[in-house]
Amino acid sequence: MKSTSSSLVSCSALVVALLMFVSHAASSQTARDTIVLGRQLVIDHACAGCHGGLNPIANVKWLAGRQSPLQDFYIGACTPVAPNAKPCFLTRPRNITPDNATGIGRFSERQIFNALRFGLRPGETPDVTITSMTPGQGNFPANPRYLAPPMPWPEWRYMSDRELWAIAAYLKRGVKPVTNKVEDSEGPPDFWASAYTPAELGPYPMPPFPMASEQEPASK
Amino acid sequence: MIYPERPTLMRRASRSCVACIGVAASLMVSARTVRGQHAAQDRANAVSASAVRTGAPDTLRQPPILRNLSRKRGTVEVELTASVVRLALKPGAPTEAFAFNGSVPGPTIDVHEGDRVIVHFRNDLPEPTTIHWHGLHIPADMDGSPLAPIAPGARYDYVFTIKRGTAGTYWYHPHPDMRSGYQIAKGLFGAFIVRAADDPLKSVPEKLLILSDNRFRADGTVDFAEPRSSEGMRDEVNGREGDLLFVNGQLAPSLRIRSGQLQRWRVINVAASRVFRLALDNHRLLHVGSDGGLFERPVEVGQIDLANSERVELLVRGTGAPGERALLRAMPYDRYVPQTRPADWQTPRDLLTLAYSPAPRVRATAVPTTLRRIAPLDTLKATATHVIVLSQGLINGRMMDMHRVDEHASLGATEIWQVENLVGMDHPFHLHGFQFQVIDRAGVPEPFPSWKDVVNVRKHEIVRIIVRYDDFPGLWMYHCHILDHEDHGMMGVLEVRSPPPPPRELP
C-alpha cells in the first residue's frame, strides 16, 4: 500500500513538473492573457479581503497587506476579546505587491507558486521546482516552513498549475509595488509543520469522485 | 578564563600554557617578560596591582598570551593544541569541554604588523577540526576553512605573514564542515591581536573582553538540543543562544578602573547567534574601532550593537567618582522572527561591573582626535556587483556545496556585494579573507569608512559592501555567521582568480 501511494505521488509529481514546464513556457507567449487571468483569480478568490485594498482595485493599498491591528488574526486559543488565552499567535496579512523591500518583489514567480501550491514560505524555501508533496521526499524541505494560518493554501493547492502561475505572474508583474512593511506573523517554532502534516492536509491530488459522502448524479 | 579541574595536558601546558594551572597574575608576568613589548598592558596591570591594595574588586581575568617560541625578531612561533579537557565551563560544574591549550577562552595570540606567524597546531580532538583566523588577510590555504580539515591526531602548521595596515582585534575558532557551532560551544575560541608600531592608543591601558553565551544541562554538560525538539527548532531558526552570559569565560566579573583613567577595551562577540547591545551605566562610550582596526576618529555613542563574531574597540573614560560602580549590560535587541522570539528577550542582562577604586581621581588622558587614515574604496572603480540574497538557511536559494563555486572574482578587482535579507530576522554576513567597507545600509550611506569582515544585515534590509581583492587568490567562504545557519549550509564559495597573463608581444 505504502509503495503504491508513494509511486503514485512520485508519478503525479512528474506530471506536475511537466505541466509546470508546459504552462511556464506558454506563459511567456501570452504574458498579458496570463496576467489578466491571474487578476481574475486574485479578485474572485478575495485575496484583498485579507491582504488589503478590498474593492475597488483603484485603492492605493491594493494588496499592500496589513494596515491596522484590526486585520490581525488570532490563531490558537485566544480571540480579540480574550487575548491572553494560550497558545496565542497573531498572524498578519503580508504585503503581496511586488515591492522589493516589504513585498514579494524579490521572490521569483516559482517561489510564489510554491507558496500557493505547497504552503511554503517563499523567503525560506529554495527557488526550485518542488518534486514531491511530502516533507523530506524529493526536494520538499525536510523541515518545511509553512505560511501562517488562515492562508487557505491547503485548499488552493488544488487549483491548476496554469491558475497558480497566473496568480504569481499577476502579483509579480501586474501590480504596482507599494511600500508597506508588515511584521512577520507569529507562530510555533516549527512554523506550523505539526499542524500541516500530510494526514491533516488530506490527499493530493484529489481522491477520485465519488467518496463516501458524495454520490454519482442520477443519470437521466 | 576557565581553568581545568585536572589539567590533562600537563606536559604541553608546562611548555606553552603556564596559565592552565597557574594564577592569572603570575601568568601575566611570564607572558609579559617573554614578549616584553606591550607597554600598554604593563601599565594596565600596574594599575590593577595598585588597586588590589585599595579594595575595589578586579576579578576579570585576561586570557594568557601565547608564548612565542621564536627568538627571531619579527617571527611569532607558537604551539596550539585543541583537546578534550575536563573543566568547569559553568562555574562549579566541571564537565567535558574542548579547549585550546587547556583554557577557555584559548590563549591570546598577540602579534605585530609585519610579523611572520607560525602556529604549530595539533588536533587532539576525537573529530576533524580547523582553525579559522577570523578576519585576517592571509593566504587562502591558511584560512582554516572547511575545505581543509585537520584529522583527529593530525598536526598542521599554519604559516602566514601579517600585512601592514591590518592592526586590529581578530579571533580564531574552528570552522569544520557542519561542526563549528558544536566545537565553539564546547570551548574553542580565542583572541588574535594585531598591533601597529604607530598605534595612536599605544599608551592607553588595555583590556580584552571576549563575550560568549552558553547553556548547560543540570550535570554541567553543554546543552545541545535534540534536532527535532521544539528547542532544537528554535535553535535552528534563531541560532543557539545560552542563558548564561560570559566575559572571558567568567560570569559577571568586575573590572577595576580608577576615576579619571582611560581604558581601551577590545570586545569580541564569539557567541553563536546572540547580538550584544552594549551599554555602560552612566557612561558614554568612545567607539574607536571595528573588526579591521581603528576608525579615522573616535565616535561617541550611548550603546553599541555587536553582532556575533563582530569586534569593537572602545575607549572607556573613567568619568565616575571613586568607589562608584557601573554595570556593563546587554540591552534588549530584537533580531528574531516573532515565531521564535524568546519570551524574555526584553530583559537586560548584566555582563560585567566596572568598579571604581577608592583612589582619588587622576587627570584624564587626552584622547587623540585622529586615529589613522582610512582611504574609502571607490565605488566608481567597482567592476561588478554580486547580489547575495539571504533567506532562512539559504544563500541565493541554495545550500552550501563544497564542490561548487558560487561567485567568481579576479585578483585586483574592486567589487560590490549587495547583500539582501529577505526574511524577518537578522543575518550577520561574513566574508573570509578580505576586509571590506560598508557603502550603505537600507539605502542610508555609512557615515564614515571602517574596515569590516562581518556586517549584520538586519531584517528585510539591503546592505552594500565594497571589497578589493588585493591579494591571495583561491577559494574563500562567505556565510551567515549564526553558527547554526552556517553549519546547516547557509554558506557559499567565492573563487578569486589571478587574471590570465597578458598576451605576449609578437616578435
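Further up the page is the structure itself.
Conventions we followed
Residues numbered from 1 in each chain as written. Chains lettered and ligands numbered in written order. Predicted model: local features only at pLDDT ≥ 70, side-chain atom pairs only at ≥ 80, totals over all residues. Heavy atoms only, no water. Helix = DSSP H or I, 4+ residues; strand = E, 2+ residues; numbered from the N terminus. Contact = heavy atoms within 4.5 Å. Buried < 20%, exposed > 50% of the residue type's maximum accessible area, 1.4 Å probe, protein only. Pairing = 2+ DSSP bridges. Buried area = accessible area lost by both parts, 1.4 Å probe. Salt bridge = Lys/Arg side-chain N within 4 Å of Asp/Glu carboxyl O. Polar contact = N/O pair within 3.5 Å; in protein donor to acceptor, adjacent residues only side chain to side chain. Phe/Tyr/Trp six-rings, centres within 6.5 Å; stacked < 30°, edge-to-face > 60°. Lys NZ or Arg CZ within 6 Å of the ring centre and 35° of its normal. Axes fitted to C-alpha atoms, helices over the stretch in contact; angles between N-to-C directions. Core = buried A, V, L, I, M, F, W, Y, C linked by side-chain atoms within 4.5 Å. Disulfide = S-S within 2.5 Å. Expected span 1.5 Å × (residues − 1).

1. Let's talk about the overall build of chain A
Next, step 1: Within chain A, the secondary structure is distributed over 7 helices and 2 strands.
Next, step 2: Traced from its N-terminal end to its C-terminal end, chain A shows the element sequence α-α-α-β-β-α-α-α-α.
Next, step 3: In chain A, of all internal contacts separated by at least 6 residues, the share reaching a separation of at least 24 is 62%.

2. So, the pairing of strand β24 (residues 414-421) of chain B
Residue and element names in this part refer to chain B.
Next, step 1: Most of β24 is tucked away, with 7 of its 8 residues classed as buried.
Next, step 2: Note: β24 against strand β29 (residues 462-468), 7 bridges, orientation antiparallel. Among the inter-strand pairings, Trp 417 is bridged to a residue of β29, identified as Ile 465.

3. Quick look at the interface of chain A and chain B
Next, step 1: Across the contact, 23 residues belong to chain A and 23 residues belong to chain B.
Next, step 2: For the pair chain A and chain B, the summed buried area comes to about 1,900 Å², and 53% of that belongs to carbon and sulfur atoms.
Next, step 3: Broken down residue by residue, the surface that chain A buries against chain B is led by Arg 106, Arg 145 and Pro 189 of chain A, which jointly contribute 31%.
Next, step 4: Along the contact surface separating chain A from chain B lie 3 salt bridges.

4. Describing the environment of Arg 266 of chain B
Residues and elements named next belong to chain B.
Next, step 1: Tracing the chain through its elements places Arg 266 in strand β13 (residues 262-269).
Next, step 2: With 59 residues separating them along the chain, Arg 266 and Arg 325 place their C-alpha atoms 20 Å apart.
Next, step 3: Contacts of Arg 266, omitting those with residues within four sequence positions, involve Gly 168, Thr 169, Ile 193, Arg 195, Asp 199, Glu 206, Lys 207, Leu 208, Leu 209, Val 312 and Glu 313.
Next, step 4: Here the side chain of Arg 266 touches Glu 206 through a polar contact of 2.8 Å, side chain to side chain.

5. Brief notes about the packing of aromatic side chains
Residue and element names in this part refer to chain B.
Next, step 1: Inspection of the entire model under this criterion finds 25 aromatic pairs over all chains.
Next, step 2: Their ring planes at 40 degrees and their centres at 5.7 Å tell us that Trp 133 and Tyr 172 sit as a pair that is tilted. Here Tyr 172 lies in strand β7 (residues 168-173) and Trp 133 lies in strand β5 (residues 132-134), a separation of 39 residues in the sequence.
Next, step 3: Exposure remark for Tyr 172: the relative accessible area of 0% places this residue in the buried category.
Next, step 4: Aromatic side chains Trp 417 and Tyr 478 sit 5.1 Å apart centroid to centroid with 75 degrees between the ring planes, which places their arrangement in the edge-to-face category. Of this pair, Trp 417 sits in strand β24 while Tyr 478 is found in strand β30 (residues 474-480), placing the two residues 61 residues apart along the sequence. Considered together, Trp 417 and Tyr 478 belong to a single accessibility category, that of buried residues.
Next, step 5: Among the aromatic side chains, those forming a connected cluster through ring pairs are Phe 100, Phe 121, Trp 133, Tyr 156, Tyr 158, Phe 160, Tyr 172 and Phe 192.
Next, step 6: The residue whose ring lies beneath Arg 240 is Phe 224, and the NZ or CZ to ring-centre distance is 4.8 Å.

6. A few points about the sheet that holds β5 of chain B
Residue and element names in this part refer to chain B.
Next, step 1: Taken in spatial order, the 4 strands line up as β3-β8-β7-β5 in an open sheet, and their pairing is mixed. Strands with a single pairing partner mark the edges of an open sheet, and in this sheet they are β3 (109-112) and β5. Each strand of the sheet is rotated relative to its neighbour by a mean of 25 degrees, with strand direction disregarded.
Next, step 2: Taken together, the 3 bridges between β5 and β7 define a ladder with antiparallel strand orientation. Of the residues in β7, the one forming a bridge with Trp 133 is Tyr 172.

7. Some points on the nonpolar core
Next, step 1: Residues Leu 63 and Leu 171 of chain A together with Trp 417, Phe 429, Tyr 469 and Leu 494 of chain B are the most contacted members of the largest nonpolar core, which totals 72 residues.
Next, step 2: Of all hydrophobic cores here, the second largest spans 29 residues; its members include Phe 98, Phe 121, Trp 133 and Phe 160 of chain B.

8. Here's the deal with unusual backbone geometry
Next, step 1: For the bond running from Phe 209 of chain A to Pro 210 of chain A, omega is -5 degrees, close enough to zero to count as cis.
Next, step 2: Checked against the element boundaries, Pro 210 of chain A lands in the segment after α7 (198-201).
Next, step 3: Cis geometry is found at the peptide bond from Val 104 of chain B to Pro 105 of chain B, where omega equals -5 degrees.
Next, step 4: Here Pro 105 of chain B lies in the loop between β2 (93-100) and β3.

9. What about the state of the cysteines?
All names here are of chain A.
Next, step 1: For the coordinates displayed, the defined rule picks out 1 disulfide over all chains.
Next, step 2: Cys 47 carries a free sulfur, and the closest cysteine sulfur to it, the one in Cys 50, is 8.8 Å from it.
Next, step 3: By relative accessible area, Cys 47 is classed as buried at 11%.
Next, step 4: The exposure class of Cys 50 is partly exposed, given its relative accessible area of 31%.

10. Points about helix α2 (residues 31-44) of chain A
Next, step 1: Between its first and last C-alpha atoms α2 of chain A spans 20 Å; for 14 residues at 1.5 Å apiece the expected length is 20 Å, and the two agree.
Next, step 2: Downstream of α2 of chain A by one or two residues, Ala 46 of chain A has phi in the positive range, about 55 degrees.

In short, shape yes, function no, at least from these values alone.
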